[in-house]
Each structure stands twice: as structure tokens, then as C-alpha cells.
Amino acid sequence: MNQKKRSIVILAAGKGSRLKSNKAKVLHEICGKPMLYHIIKEAEKISDDVSVVIAHQKEQVRKMIESYFDNINFVEQDADKFPGTGGALKNYAPRYEQVLVLNGDMPLVTAEAMEQFFKMKESDIVMSIFDLDDPSGYGRVVIDENEVCYIVEQKDANKKELAVTTVNAGVYAFKRDILEKFIPLLKNDNAQNEYYLTDIIEMAKNEGLGVRALLVDEEHFKGVNSKKDLAEAEMILCRRIRNKWMQKGITMQLPETIYIESDVVFEGECIIEQGCRITEGARIVNSHIKAHSIVEESEVIDSDVGPLAHLRPKSLLRDTHIGNFVEVKKSTLTGVKAGHLSYIGDAEANEGTNIGAGMITCNYDGINKHKTKIGKNVFIGSDSQLVAPVTIEDNVIIAAGTTVPSGTVETGVLAISRAPLKKVKGFFQKFFTKKEKQ
Ligand code: UD1
Ligand code: MG
């Protein structure tokens, strides 16, 4: 049997007003990707009928999804007429008998965590609960004699209900005919005038249907409603990412201080020191990233970087040493040493080349960006500027303090542009004596 023959629907049509942002809630990112991306990626592993309900900023949400996924169904919610999580399902038609409904603001959920709901086949409805010291923001689950009775939203709850610490995690498995039957019957006579999906639980109980509660953990089912929740969810996901890589043999010093985004790749033996930030598209192979360095969408192979270095997107380093306060952007460095205080942008440099402290590639003329090509065994003295477009051929010495204008520096030469040093005898004495008299 095809294990993917079950339907999953993700509710992503809400505004997310508690985030106090112009951006729709589900588009807010954790570890470099929108919250919704993380959920869809996991849902796709276990279902070939994944739908997303959209309304608020629907074009942006649709565009984001289509940029990553090919086979997602879109369901448009008529949010003006039927607001709320129940209203979200009015236009939804699942392909299969078993349907899993997920809120779009729970980015920590995994395929394994979703799978648990499908295992409890004998129930008409499986819902998810967890216990929290601070249940605020969540719907409270009222349980009597081990049976779920109903869910009450915080805004509708009385004092006694507010004190309940068992909350609704926001994932439900329904049989398709139950959704078809109860969604049209939902009412909006509540504090928010919304159609609550959660009301189905009480309605189903009243008709004698079986509701099972699955105890889940916040690590996987945390809902994100505020910026604080967003930061906490990111911490959990980032920890998960770090743990995965440490299990695969990557060394991390003070791992809690290291930020790694979700599709970063490490290979071989790598050491990542404290305070590093490594973002989407980075690939680090047999390399050492020293404290407080940033690696953005770049490849680092058999190299060491930092401390306090910044690799900006589209850089490729091989057998290269990058030291502190060096910024590299869109450059390919092979067998290069750049130990201190440089900007290397839109450049390439090759084996045996040494880039002295303070060298700058002047890549921008105010309108366009230009390339700098540096050959093999080039020795670039400190505080030099290479005005792009410029080519430095192999075996060249650029003297310290030289400004190399656009053009070519031919192989074998010394390039030096240095104003002759003038020594004015006794000037120090004269200068300060004059100042003292004033
Ligand atoms: C919901 C549950 C609450 C539960 C909590 C778990 C309801 C009524 N309440 O509350 O019991 O404890 O999740 O995290 O379901 N959405 C739509 N269309 C809408 C409104 C919302 O698609 O008209 C989507 C949102 O984009 C979001 C999800 O549904 O992804 C949940 O909405 P949200 O407003 O966050 O519900 P909560 O108040 O968190
Ligand atoms: Mg929520």
C-alpha cells in the first residue's frame, strides 16, 4: 500500500496580528526559511495530497510555496465571510479518507510527529494536547474522567477554564466524512466572531463519536503567535540542526552560541567555534571556522576562516586562509592567504598568493561592479588598492601602499606607486612649540 495516500491540510490564511508585522505570519522565517516551508517539507514526506489554505497575502504565500514545491494544492478561504480555523476548511476537499489538519504556525512539527496521528486509526478524531506551566495563548482542553469534553479558546474561557494547563496543540486527524458533516454546522457565536475548528470536538462528542487525545511535546508542536514565540521556535530548530551535525561528527565549541540555517551542509571534519553564523546555501568541507565569523551562501573547502571574518554570498575558498576582519564577496580563492583587514570582492586569486593586511579590491565605480583577477604566487603588500577591472598576472609583487589602476600588471614585475618620503629636520620641535604659544 502506498503510505502516502492520506491528505494533509495546512491552515495558512490568517493574518497573525499578534506578530505586529506587515508580513503574513506563515512567511516569517526561522533558521532561514519561512515557517510554512518547514511544515510543508515534512508533510510532503508522508502525503501525496498536501493542501495549503490561503487568504491573507495569498499571492505572496502562494509565490513562496511555488518557489520551493511543485505539488501543493491551494485552497482559498473566504475569510471575510467565514473567518477562523473552521472557516478555513469550508472550501477544502480532501482526496483521501484520512485527513490531518495542521495550523500553519507550528514550524517545529516533523514527519514522524505527524505520523503518530495516522497510527490511531480506530478513532473518528485524534487531537493533540500538551501540558504547559504557562498555557496562555492556547485553547484550553477540558477533560473529564480521561475523556476530552471540549476546547475553549482563551478569549472565551471563564476563570476556571483559564486555569486549565492542558492545551490544544493544533493538529487533528479527522475521517473525511466527519469534516464534511461538521464544518458546515460550525457557528461563530464567540468572542472573536470566528468559525472555530475546535468546536467540532464537542459536536462530535455529543453525537457519540470517538475522540482520542494524543499527548505531544512542545518541542514539536509549539505554536508561534508572538515574536517571542518565533525566537523560541528558532532556538529549538537551531538546536536540532546543530545536534544533527554534531552527531555526524562536526565539532562545535559552545554550540548554543552558533546559528546554523536549515540547508547548510558540512562534510568531513569541521570545527565551528563559538558565535559563528552560517546561513542558507553554505557548504563547509574539512574546514575550521573560527569564533564570530559569518559564512553566507559560500563554499569553504580545506580552509580556515576567522576569527571575525565575513564570507558573503557566492564565495568559494579552497586551501585558503582567511584571517580576522577580512570580508570576501563573490570571489574564488584557491591556495590563498589573506590574514588581516581586507576587502576581496568580485575577485579570483590563485595558488601561492599572499594578500597583505589592508588590501582592498575597488570593485565598484559608483555604477557598476568590476572584476579583479589575481594569478598565482602574487605578493600583494599591505594597504594596496586594486582598481577593478584589473588583472594581476602570475609571479607579481605589488609593493605596500600601491594603488594599481585598471588594466594588467604583467607577469614577473614589481608594481610600486609610492610618493617619495620627505624628511623635514627639526619639524616636530617647531610644530609643537608654535602650538604652545597660541
Ligand atoms: C489555535 C486553536 C487553539 C490552539 C492553537 C495551537 C482554534 C480556534 N484555536 O489558536 O485552540 O491551542 O491554535 O497553536 O483553532 N488561520 C486560517 N484562517 C483563519 C484564521 C487562522 O487559515 O481565518 C490559520 C492561521 O494562519 C494559523 C492557524 O490557522 O496558521 C492558527 O491560527 P491562530 O490564529 O494562530 O490560532 P490560535 O489562536 O493560535
Ligand atoms: Mg496560533
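Procedures and definitions
Here the residue numbering is sequential within each chain, running from 1 through the sequence in written order. Written order determines the labels here, with chains lettered from A and ligands numbered from 1. Restriction of local features to residues with pLDDT of at least 70 applies here, the model being predicted, together with a cutoff of 80 or more for giving and counting side-chain atom pairs; totals for whole chains, interfaces and linings are based on all residues. Only heavy atoms go into the side-chain values, all of them from the structure, while hydrogens and water stay out. Note on method: axes are straight lines fitted to C-alpha atoms, helices fitted across the in-contact stretch only, with angles between N-to-C directions ranging 0 to 180 degrees. The numbering of helices and of strands both runs from the N terminus, where a helix is a DSSP run of H or I of at least 4 residues and a strand a run of E of at least 2. Our angle categories are set so that under 35 degrees counts as roughly parallel, over 145 as roughly antiparallel, 65 to 115 as roughly perpendicular, and the remainder as oblique. The sense of a crossing depends on the near helix, which, turned anticlockwise from the far helix by less than a right angle, makes the crossing left-handed and, turned clockwise, makes it right-handed. The criterion used for residue contact is that any of the two residues' heavy atoms lie within 4.5 Å. Residue type decides the class: Asp, Glu, Lys and Arg count as charged, Ala, Val, Leu, Ile, Met, Phe, Trp, Tyr, Cys and Pro as nonpolar, and the leftover types, Gly among them, as polar. The rule for donors is simple: an N, O or S atom within 2.8 Å of the metal counts, and for Na, K and Ca the reach is 3.2 Å. Water is not among the atoms, so a site may look short of donors. Between buried and exposed lies partly exposed: a residue is buried under 20% and exposed over 50% of the maximum accessible area for its type, with that area taken using a 1.4 Å probe on protein chains only. A patch consists of residues exposed above 30% relative accessible area that lack any salt bridge, with like charges linked at up to 9 Å and nonpolar side chains (Val, Leu, Ile, Met, Phe, Trp, Tyr) linked at up to 5 Å. We get accessible surface area from the Shrake-Rupley algorithm with a probe of 1.4 Å; when it comes to residues, only the shown protein chains can shield them. Salt bridges are counted wherever a side-chain nitrogen of Lys or Arg sits within 4 Å of a carboxyl oxygen of Asp or Glu. Whether a residue is near a molecule or strand depends on its heavy atoms: it is near if one of them lies within 4 Å of it. We call two N or O atoms a polar contact when they sit within 3.5 Å, provided that within protein one can donate a hydrogen and the other can accept it, with sequence-adjacent residues counted only if both atoms are side-chain atoms. By the convention used here, strands pair only if DSSP detects at least 2 bridges between them. An automatic or database domain assignment is the source of the domain bounds shown. Buried area is understood as the total, over both parts, of accessible area removed when two parts are fitted together, assessed with a 1.4 Å probe.

Asker: How do you make sense of the packing of helix 1 (residues 35-46) against helix 2 (residues 58-68) when you look at a structure like this?
Answerer: For any two helices packed against each other, the geometry is given by the interaxial angle and the distance between the axes. At a minimum axis distance of 11 Å, the contact between helix 1 and helix 2 shows a crossing angle of 45 degrees. In this view, helix 1 runs oblique relative to helix 2, as classed from their interaxial angle. Regarding helix 1 and helix 2, the two cross each other, and that crossing is right-handed. Mapping the contact onto sequence places L36, Y37 and I40 in helix 1 and V61, M64, I65 and Y68 in helix 2. Of the residues assigned to the contact of helix 1 with helix 2, the class counts are 7 nonpolar, no polar and no charged.

Asker: Help me understand the coordination of the magnesium ion (ligand 2) in this model?
Answerer: Each donor-metal-donor angle would ideally measure 109.5 degrees in four-coordinate tetrahedral geometry, or 90 or 180 degrees in six-coordinate octahedral geometry. Protein coordination at the magnesium ion (ligand 2) comes from D105 (OD) and N225 (OD1), with a distance range of 2.1 to 2.3 Å. Here D105 is found in the loop between strand 6 (98-103) and helix 3 (111-119), whereas its partner N225 is found in the loop between helix 7 (218-221) and helix 8 (227-247), with 120 residues between them in sequence. For D105, a relative accessible area of 11% gives the class buried.

Asker: What am I meant to see in the side chain of K33 here?
Answerer: One can find K33 in strand 3 (residues 33-34). Aside from chain neighbours lying at most four places away, what touches K33 is H28, H38, Y68, S262, D263 and E280.

Asker: Please explain a nonpolar patch on the surface as it appears in this structure.
Answerer: Nonpolar side chains collect at one region of the surface, where V424, F427, F428, F431 and F432 lie side by side and expose about 510 Å² of accessible area between them. Positionally, F431 belongs in helix 9 (residues 427-437).

Asker: Teacher, can you tell me more about the site of ligand 1 here?
Answerer: Taken together, 22 residues surround ligand 1, and among them L11, G84, T85, E153 and N168 come closest. Here an oxygen atom of ligand 1 and a backbone polar atom of L11 are 2.8 Å apart. The contact in question runs from an oxygen atom of ligand 1 to an N or O atom on the backbone of G14, over 2.9 Å. Its residues placed into classes, the shell around ligand 1 shows 8 nonpolar, 10 polar and 4 charged.

Asker: What should I look at first to understand the sheet that holds strand 23 (residues 316-318) in this one?
Answerer: Strand pairing in a sheet takes place through backbone hydrogen bonds and is either antiparallel or parallel in direction. Strand order in the open sheet made by the 9 strands is 14-17-20-23-26-29-32-35-38, with parallel pairing throughout. Of all the strands in the sheet, the pair left with one neighbour each is strand 14 (265-267) and strand 38 (407-409). Direction aside, the axes of adjacent strands within the sheet are offset by 5 degrees on average. Where strand 32 (residues 372-374) and strand 35 (residues 390-392) come together, 3 bridges link them in parallel fashion. Considered in strand 35, the bridge of T372 is made with V390.

Asker: When you look at the domain arrangement of the chain in this model, what are you seeing that I'm missing?
Answerer: Quite often, the size of an interface is put as the accessible area lost when its parts meet. For the chain, the assigned domains read domain 1 (6-215) and domain 2 (227-415). Computed from C-alpha coordinates alone, the two centres of domain 1 and domain 2 are separated by 44 Å. Facing 14 residues of domain 1, the contacting portion of domain 2 comprises 15 residues. Roughly 1,100 Å² of surface becomes buried between domain 1 and domain 2 when both sides are summed, with 65% attributable to carbon and sulfur atoms. One can count 2 salt bridges joining domain 1 with domain 2. Ionic pairing is found between K33 and E280, a salt bridge with its closest N-O pair at 2.5 Å. Elements with a contribution of two residues or more to the side of domain 1 that touches domain 2: strand 2 (29-30) and helix 1. Class assignment for the residues of the side of domain 1 that touches domain 2 results in 6 nonpolar, 5 polar and 3 charged.

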